[in-house]
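Given next are the chains, with one letter for each unit.
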Amino acid sequence: MKGIAVVGTRGGVGKTSICHLLALGAAWKNIPAYLMHTDNREPISVNGRAYTFYDARKPETLSTLMGAAMNNDGLCIVDSGGNRPKFDKWIAESVDLVLMPITPDPESVDMALLHMQQLEEYGAKNVRFLLNMVSSNKNEQARDFRKYFYKIPEDKIIGKLKKVAAVKRLRESDTEPFKTPPSNVNNLSRTLYFMVKSALENIEESEEKEQSMKV
Ligand SMILES: Nc1ncnc2c1ncn2[C@@H]1O[C@H](COP(=O)(O)OP(=O)(O)OP(=O)(O)O)[C@@H](O)[C@H]1O
Ligand SMILES: [Mg+2]
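Conventions and cut-offs
Residues numbered from 1 in each chain as written. Chains lettered and ligands numbered in written order. Predicted model: local features only at pLDDT ≥ 70, side-chain atom pairs only at ≥ 80, totals over all residues. Pairing = 2+ DSSP bridges. Helix = DSSP H or I, 4+ residues; strand = E, 2+ residues; numbered from the N terminus. Axes fitted to C-alpha atoms, helices over the stretch in contact; angles between N-to-C directions. Contact = placed C-beta atoms within 7 Å. Near = placed C-beta within 6 Å. pLDDT = per-residue confidence, 0-100. Parallel < 35°, antiparallel > 145°, perpendicular 65-115°, else oblique. Nonpolar A, V, L, I, M, F, W, Y, C, P; charged D, E, K, R; others polar.

Strand order in this open sheet of seven strands is E3-E2-E4-E1-E5-E6-E7, and the pairing throughout is parallel. The two strands at the open ends of the sheet, each matched to only one other strand, are strand E3 (52–55) and strand E7 (157–162). Averaged over all pairs of adjacent strands, the angle between their axes in this sheet comes to 25 degrees, without regard to strand direction. Direction of pairing for strand E5 (residues 97–102) relative to strand E6 (residues 127–134): parallel, over a ladder of five bridges. Bridged to Met-100 within E6 is Phe-129. Against the sheet, helix H4 (residues 106–121) makes contact with E5 and E6, and its axis sits at roughly 165 degrees relative to E5, the strand it touches most.

Here it is as structure tokens:
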């Protein structure tokens, strides 16, 4: 089991959407995914999704669920809010990868860089950025890199996700049994899963190298 926390102090950058997308992308590859809802708002209700969604707002529930899942295969994805220093400490110690979505706006980038610093002070080793809601238009993309994303260390960016309006559906309660999302959402979910998979593999590889240097 790999633990992934999706964090960010800035609201609305896509944390929750990215958690659902990642869980869906894993499910497409038959990888079990467990999504932990931890923010204070009421969780959505799910019906027939290809991944498991837990109300893990109580820290003890989250620890118990993650502890129980530790020996299983798959991904444990924690949808985390921001501005929760206590929770950030737990995240820094408990997950394999911390994902921080950033959107093309100056506050998003600055807040993410500050938050990364904080998490690293708490001991988080693997904080990575994910550029979210990136324009499909090449000129706009280039402008956003020049204006905003240039501040982010390149080796910390795991990839970019395009704007796909239908992603919205994933964060809504299922009033009917969940239907397969449209292909642009599925494709985005697969892209995200592969980005995360390769980030986890790179992390594992460098940790193994580090270990062998110590021996
Ligand atoms: N890749 C994307 N393409 C299009 N819309 C997106 C994408 N990612 C997120 N959104 C939209 O942005 C809005 C905020 O997303 P979301 O709720 O996932 O953010 P959040 O960081 O979890 O917010 P909060 O801080 O309130 O928890 C939603 O309307 C969502 O549909
Ligand atoms: Mg959210």
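The next thing to look at is the site of ligand 1. Lining the immediate environment of ligand 1, one finds 19 residues, of which Gly-11, Gly-14, Lys-15, Thr-16 and Ser-17 sit closest. Listing elements by their share of the shell around ligand 1, those giving two or more residues are helix H1 (15–28) and E6. A total of three residues in the shell around ligand 1 trace back to one element, the largest contributor, which is H1.

Here we take up the confidence of the model for the protein chain. Of the residues in the protein chain, 99% have a pLDDT of 70 or more, and the chain-wide mean is 93. Per-element mean pLDDT across the protein chain ranges from 87 in helix H2 (residues 59–69) up to 98 in H1.

Where H1 contacts helix H6 (residues 183–214), the axes come no closer than 7 Å and their chain directions differ by 85 degrees. Regarding the angle of H1 to H6, the classification is roughly perpendicular. For the pair H1 and H6, the contacting residues are Ile-18, Leu-21, Leu-22, Leu-24, Gly-25, Ala-26 and Trp-28 in the first and Asn-186, Leu-188, Ser-189, Arg-190, Leu-192, Tyr-193 and Val-196 in the second. Residue composition of the contact of H1 with H6, by class: ten nonpolar, three polar and one charged.

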